[in-house]
Amino acid sequence: MSIGLFSPLQLGPIALPNRIALSPMCQYSAIDGLAQPWHRVHLGRYIASSLGLVMTEATHVSAQGRITPGCLGLYDDAHEAALAEIVRFHRAWASPTPIGIQLAHAGRKGSSEVPWRGGAPLGDSRAWTTVGPSALPFDSHWPAPVALDFDTMKQVRGEFLRAAQRALSAGFDLLELHAAHGYLLHQFLSPLANRRDDGYGGARARRMRFPLEVAAAVREIWPRDRALGARIPGHDWVPGEGLDVEDAIAFAAELKSLGFDFVDVSSGGVSPRQRIKTGPGYQVRFAAAVKAAVGLPTICVGMIFEPRQADAIVADRQADAVMMARALLNDPLWAWRAADALGADVAIPNQYLRGRRAGVDVPRELRPEDIRRSAGMS
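Residues numbered from 1 in each chain as written. Predicted model: local features only at pLDDT ≥ 70, side-chain atom pairs only at ≥ 80, totals over all residues. Heavy atoms only, no water.

1. Section: the nonpolar core
Core analysis: the largest hydrophobic core is formed by 86 residues, its most contacted members being Leu103, Leu175, Leu177, Ile232, Leu255 and Trp334. When residues of this core are assigned to their parent elements, the largest contribution, 7 residues, is made by helix α3 (residues 150-170). Apart from the residues lying within four places of it in its own chain, the contact partners of Ile232 are Ala179, Ala180, Ala248, Phe251, Ala252, Leu255, Val263, Asp264, Val265 and Ser266. Core analysis: the second largest hydrophobic core is formed by 14 residues, Leu11, Leu16, Ala21 and Leu53 among them. (Core = buried A, V, L, I, M, F, W, Y, C linked by side-chain atoms within 4.5 Å. Buried < 20%, exposed > 50% of the residue type's maximum accessible area, 1.4 Å probe, protein only. Helix = DSSP H or I, 4+ residues; strand = E, 2+ residues; numbered from the N terminus. Contact = heavy atoms within 4.5 Å.)

Okay, structure coming up:
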């Protein structure tokens, strides 16, 4: 059967009207983890966007687990209430587009400044102690994290579990665990950050153990009528030392055995020694390899900008869907343009129907007298 960017997609129990997803994108605009009006405006931009899936940014399971002081959290009642309000607003107007949440813990990459202020480790009263699988700093000028022991690992696992329960109460349709981009679960997976000599370090199976314990705990409480997945690392970009696509395949296979509905394959972020070769769709090959080997619905990311590029990825079965970030930041109505380019149709909210350009004769130039006439001047 022929498929394309605007074909519907089943992710476990939920249906996506098309295969374009808004990628989780940190806004660094929360206060003490609490969503602000900015978040309502940011996510509200995509209510009329005709996407297949809208994702909130990385939402942290504890204050200690945040990347920056501006990062979103889901660890108290106020956080849950603020996100529930966004979900209710989305569901009231964005049907049939589901809304999902990404749960994260930054690990040793936490306690840092927001990117537009440099992103360096905090060196003032706002700083907090970070944790990781081992007491290895992210870089030479970063503080060493405290290595998690059995009791603190159990605590973090419980934080993920409680955040998942709050996400359920808030009404999200889909939950994604963030196990990529160098954050805590990725740190356990990668030998570049995990130097443990106990049952949670060393061989690949032991490095996967803690992330899989978190995944299994969340799977236990996340209902089967809502989708569950994970963002996983396709490569560390440190050849011969870090993770590669075979590790991604192994991890995705374990997630599939736990009953996960999909994986979202990204790469990099765990080491400053990475040497990433970027280009249009540069990470798609990792998703394609995971999809072919594991047979789990797979989403790709990474410099996907053009409608025909995205459509070809899906049509060639390299991935089941595309997650887009910068293209959708630049143009929230990108899916409208893509539908026009590909001769497809998308659902448009009634309030925006008269603004839809397809089939409308829009004059290329207005003469000065036309402008004056439209303004009521003569």
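Don't stop here, the text continues.
2. Regarding the sheet that holds strand β4 (residues 53-60)
Around the barrel, 8 strands lie side by side as β3-β4-β5-β8-β9-β10-β11-β12; this closed barrel has parallel pairing. Going from strand to strand, the sheet's axes swing by 30° on average, the running direction of each strand aside. When strand β8 (residues 174-178) meets strand β9 (residues 227-233), the two strands line up parallel, connected through 5 bridges. Bridged to Leu177 within β9 is Ala230. Set on the sheet, helix α6 (residues 209-221) makes contact with β8 and β9; between it and β8 the angle comes to about 165°. (Pairing = 2+ DSSP bridges. Axes fitted to C-alpha atoms, helices over the stretch in contact; angles between N-to-C directions.)

3. Focus: the packing of aromatic side chains
One pass over the structure, following the stated rule, counts 6 aromatic pairs. A centroid spacing of 4.7 Å and a plane angle of 40° characterise the contact between Phe188 and Phe210, whose relative ring orientation is tilted. Residue Phe188 is located in helix α4 (residues 184-189), and its partner Phe210 is located in helix α6; the two are separated by 22 residues in the primary sequence. No difference in accessibility class separates Phe188 from Phe210, as the two residues are buried. When the centroid spacing of 5.7 Å and the interplanar angle of 70° are considered together, the rings of Trp237 and Phe286 count as edge-to-face. Within this pair, whereas Trp237 is found in the loop between β9 and α7 (245-258), its partner Phe286 is found in helix α8 (residues 284-294), the two being separated by 49 residues in sequence. (Phe/Tyr/Trp six-rings, centres within 6.5 Å; stacked < 30°, edge-to-face > 60°.)

4. Some remarks on the pattern of salt bridges
Applying the stated rule across the entire model yields 16 salt bridges. Arg166 is paired through a salt bridge with Asp77; the nearest N and O atoms lie 2.9 Å apart. Pair noted here: Arg166 is in helix α3 and Asp77 is in helix α2 (residues 77-93), with a separation of 89 residues, a long-range link. Asp198 serves as the salt-bridge partner of Arg196, at 2.8 Å between the closest nitrogen and oxygen. One network of salt bridges, in which partners are shared, links Glu113, Arg117, Asp124 and Arg126. (Salt bridge = Lys/Arg side-chain N within 4 Å of Asp/Glu carboxyl O.)

5. Points about the pairing of β8
Within β8, 5 of the 5 residues are buried, which leaves it mostly tucked inside the rest of the structure. Of the strand pairs in this sheet, strand β5 (residues 99-104) and β8 are connected by 4 bridges, and their pairing is parallel. Within the sheet, the bridge partner assigned to Ile101 lies in β8 and is Leu175.

6. Regarding α7
Compared with an ideal rise of 1.5 Å per residue, which puts 14 residues at 20 Å, α7 spans 20 Å between its outermost C-alpha atoms and is within 8% of the ideal. Tucked inside the fold, the buried residues of α7 contact α4, α5 (204-207), α6, β9, β10 (262-266) and α8. (Expected span 1.5 Å × (residues − 1).)

7. Re the pairing of β9
In terms of burial, β9 is largely enclosed, as 7 of its 7 residues are buried. Going residue by residue along β9, you find Ala227, Gly229, Arg231 and Pro233 tucked away on one face and Leu228, Ala230 and Ile232 tucked away on the opposite face as well. In terms of strand pairing, β9 meets β10 through 5 bridges, oriented parallel. Bridge assignment links Gly229 to a residue of β10, and that residue is Phe262. The parallel pair β9 and β10, bridged by α7, forms a crossover whose chirality is right-handed. (Right-handed = clockwise from strand over helix to strand, strands pointing away.)

8. Focus on the environment of His90
Note that His90 resides in helix α2. Sequence-wise, His90 and Ile47 are 43 residues apart; in three dimensions their C-alpha atoms are separated by 6.3 Å.

9. What to know about helix α9 (residues 307-315)
Residues Pro307, Ala310, Ile313 and Val314 constitute the buried set of α9. Looking straight down α9, one finds its buried side chains confined to an arc of 130°; they lie on one side. Turning to α9, the residues buried within the fold contact α8, β11 (298-300), β12 (321-324) and α11 (334-342). Note on α9: the residue one or two positions beyond its end, Arg317, has a positive phi of about 60°. (Arc of directions from axis to C-beta.)

10. Remarks on unusual backbone geometry
The backbone of Ser50 shows a phi angle near 60°, a positive value even though the residue is not glycine. Relative to the helices and strands, Ser50 is located in the loop between α1 (37-44) and β4. According to the relative accessible area criterion, Ser50 is buried, its value standing at 9%.

11. Quick look at the side chain of Asn194
Mapped onto the secondary structure, Asn194 falls in the loop between α4 and α5. In this structure the side chain of Asn194 is engaged in a polar contact, spanning 2.8 Å, whose partner is the backbone oxygen of Tyr200. (Polar contact = N/O pair within 3.5 Å; in protein donor to acceptor, adjacent residues only side chain to side chain.)

12. Describing the packing of α6 against α7
A pair of packed helices can be characterised by two numbers: the angle between their axes and the separation between those axes. Contact pair α6 / α7: the axes reach a minimum separation of 10 Å and the direction vectors enclose 25°. By the angle between their axes, α6 is roughly parallel relative to α7. Crossing hand, α6 versus α7: right-handed. Here Pro211, Leu212, Ala215, Ala216 and Arg219 of α6 come into contact with α7, specifically with Phe251, Glu254, Leu255 and Leu258. Per-class residue counts for the contact of α6 with α7 are 7 nonpolar, no polar and 2 charged. (Parallel < 35°, antiparallel > 145°, perpendicular 65-115°, else oblique. Left-handed = near helix turned anticlockwise from the far one by under 90°. Nonpolar A, V, L, I, M, F, W, Y, C, P; charged D, E, K, R; others polar.)

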